[in-house]
Amino acid sequence: MDFFGAQAQARRLTLWLVVLLLVAVVGMVVATVLVVTLAVALLEGGQPGADPLGLAFDPLLLGGVTLGVLAVVVAGSLARHLQLRAGGAAVAEALGGRPINADTRDPDERRLLNVVEEMAIASGLPVPLVYVLEESGINAFAAGHTPQDAAIGVTRGAIESLSRDELQGVVAHEFSHVLHGDMRLNMRLIALLYGILVIGLVGRMLLRGTATRRMVRGSRQNNAQIVLLGAGLALMLVGFIGTLCGNLIKAAVSRQREFLADASAVQYTRNPAGLADALKRVAAHAQGSELRASQAEEFSHLYFSRGVSGLRGLTATHPPLVTRIRRLEPEWDGKLPEPRQASPGIAQQEPEATRTTTAATAVGSSAFLASGGELSQRVGEPRDTDLQGARGTLAEIDPRLLQAVHEPYAARAVIYGILMGADPESRTRQREALVDAAMPEVLAELDRLDQPLRSVRPGQRLALIELCLPMLRQLSVAQYARLHECLERLMAAEHRPGALQWALHRLVTVGSQGVTSSRGRRLSLAQVGDAVELLLSSLARAGSDDQERARAAFDRALGRLDMALTLRPEPASPQALDAALARCRQLTDVERARLLDAMLDCVMHDGQVAPEEAELLRAVAWALECPLPLTLN
């Protein structure tokens, strides 16, 4: 699936979502007006000389009802949006999820983290937070506004019942939602639809309050209780209409995109049997994919499979399991596997070969395979070779570092060690710059890991940074401020800060803090010519200090863009590169795709891509919100 096309489609669906929401609100307004009209006619009809219809259709009354419904819907949507500002973590915690400790000793949880980390490194996304839901059903979800605040949630039933290949298919399905904009769309859907569900929730509260009073007072009923009962029933009726509209909207948006996510998961893993078998496990499981959390219905469109039993037919958010399985396995005979009893430690029962891939069988971690062509076509489209490359990368990294990235203090030490300069003079000066800024525990870890950090090779640095990001995103405000100060000191103490060092710093900042959404009018390449010139000049110089080779690389990129640009004679400052990147993030999707293809031409001018060039290219693409897979072939 085309990454930029999928993003554009998600934006179009958002517009349709707003239109459908307005239609639903109009329906609720009409229903509320009818209820109020009927109530006024009944209450005032018995009064002498009363004109019930005139009172019911009073413009002030109708206007007040309309404004009241709109106010409730808008207030509810805004309140839910504010509650979900934290991103995927807010959804996971609302469903009762528990974040998996990065250093967990549970083999099933460790296996899930490995699968998620491999998929993130392969696809060029930051490693998301991973939550486990203590539910016996087999299900999963991805939630968040951006890849930087994303969270993957998986039920206990899934991690204890699914094999590694089946679990990988489920995780790949969820990553497709992240890559193709479904996750952001689903979060907007939650906030917008919550507003039209609030009226029904208020009705339920009134009915419960009335029932409680009757239990306390016994037979002492009065007119206030009758009014409350009537108002509760009326609001329940209007809320039913809102709930029905909300479920229809969720179903309309979600069903087709589930098919697309299944297809993308197969493309990522080249293993349709893994995903098909996972769906069969759901069908054979006693509880299926049902979730029992109190807010499960609100998030029903996020799940891997149907999580709420009541949504069927037109309101079903997911296609039938049989249909999904047959699309993956057309020759399926309809037989389901024997239900596998959820048993802790299933990861320990699997053959070792299914859980690890050695560097010998994977794409080399320092190799960045490319054969030219359109780089933009590979954005957001990882393949099985990328997964193999991710496993190979992890297999080659020193085990001490792999353990360190999952520990709070050691993860920051790994980041500082990677961002230190290569020459001894810079490293000594940078180490001294950290003395007054970094925590003593972090400095101790930095000294302990000095030897393995010095042995980190190009091609491994991005993976280590990605693995550290979940720990960095859990820092407090004060801790992150200290981290940011340390990053600034490292850059200032660098003897010759190059584009690669800047890109790695930028990667840490963007991955831990997130990307500020670019607002305003989208721009063309011609409108950001100075920024493009600066980025391409830095990219051309990254592969070689030779001026002629840099000019050849720069000219190759210009051939793709057909722009009148000039190679900058001097290296750009980090501040100038930050400004240039911010401008390029305002490009349209089509223009961003052209820029990425020009960047590949720049680094491929001599027919090969050095590991340093590959890291710079992926880091810049990530900052442009265009995740590049681990390998390009």
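Along each chain, the written sequence defines residue order, and numbers are assigned to residues from 1. Since the coordinates come from a predicted model, pLDDT governs what is reported: local features require at least 70, and pairs of side-chain atoms require 80 or more to be given and counted, while whole-chain, interface and lining totals use all residues. To obtain the side-chain values, all non-hydrogen atoms of the structure were used and water was disregarded.

This next bit is on the confidence of the model for the protein chain. Taken over all residues, the pLDDT of the protein chain has a mean of 80, while the share at 70 or more is 80%. Of the regions scoring below 50 in pLDDT, residues 213-220 engages in eight contacts with residues more than four places distant in sequence or in other chains. In predicted models, pLDDT denotes the confidence assigned by the predictor to each residue on a 0 to 100 scale. Here, residues are in contact when the closest pair of their heavy atoms is within 4.5 Å. Across residues 352-372, confidence stays below pLDDT 50; counting only partners more than four residues off in sequence or on other chains, it has 48 contacts.

What follows concerns the pattern of salt bridges. Take a side-chain nitrogen of Lys or Arg and a carboxyl oxygen of Asp or Glu: if they are within 4 Å of each other, that pair is a salt bridge. Counted by the stated rule, this structure contains 28 salt bridges. We note a salt bridge from Arg156 to Glu160, for which the minimum N-O separation is 3.9 Å. A residue pair is termed a helical-turn pair when its members lie 3 or 4 positions apart in one helix, as Arg156 and Glu160 do in helix H6 (residues 156-161) at four residues. Partly exposed describes any residue whose relative accessible area lies between the buried limit of under 20% and the exposed limit of over 50%, with all areas from a 1.4 Å probe on protein chains only and scaled to the type maximum. Judged by its relative accessible area of 13%, Arg156 is buried. Judged by relative accessible area, Glu160 falls into the buried class, the value being 11%. When salt bridges with common partners are traced through the structure, they connect Arg98, Asp106, Glu109, Glu134, Arg156 and Glu160 into a single cluster. Put simply, DSSP H or I for four residues or longer makes a helix, DSSP E for two residues or longer makes a strand, and each gets a number counted from the N terminus.

Look at Arg270: it is not a glycine, yet its phi comes out positive at around 55°. In this structure Arg270 comes out as partly exposed when scored by relative accessible area, which is 47%.

Glancing now at the environment of Val170. Inspection of the secondary structure assignment puts Val170 in helix H7 (residues 164-179). Considering only alpha carbons, one finds Val170 and Leu279, 109 residues apart in sequence, at a separation of 8.9 Å. If we skip the residues at most four places from it in the chain, Val170 touches Ala140, Leu162, Leu275, Ala278 and Phe304.

By nonpolar core is meant a set of buried Ala, Val, Leu, Ile, Met, Phe, Trp, Tyr and Cys residues that side-chain atoms within 4.5 Å join together. Judged by nonpolar contacts, the single largest core of 139 residues is most densely connected at Leu112, Val414, Ile415, Tyr416, Leu434 and Val532. Here this core gets nine residues from one element, more than from any other, and that element is helix H19 (residues 461-472). Among residues more than four places away in sequence, those in contact with Ile415 are Ile465, Cys468, Leu472, Leu487 and Val508. In this structure, Ala89, Phe141, Ala143 and Ala296 belong to the second largest nonpolar core, which totals 21 residues.

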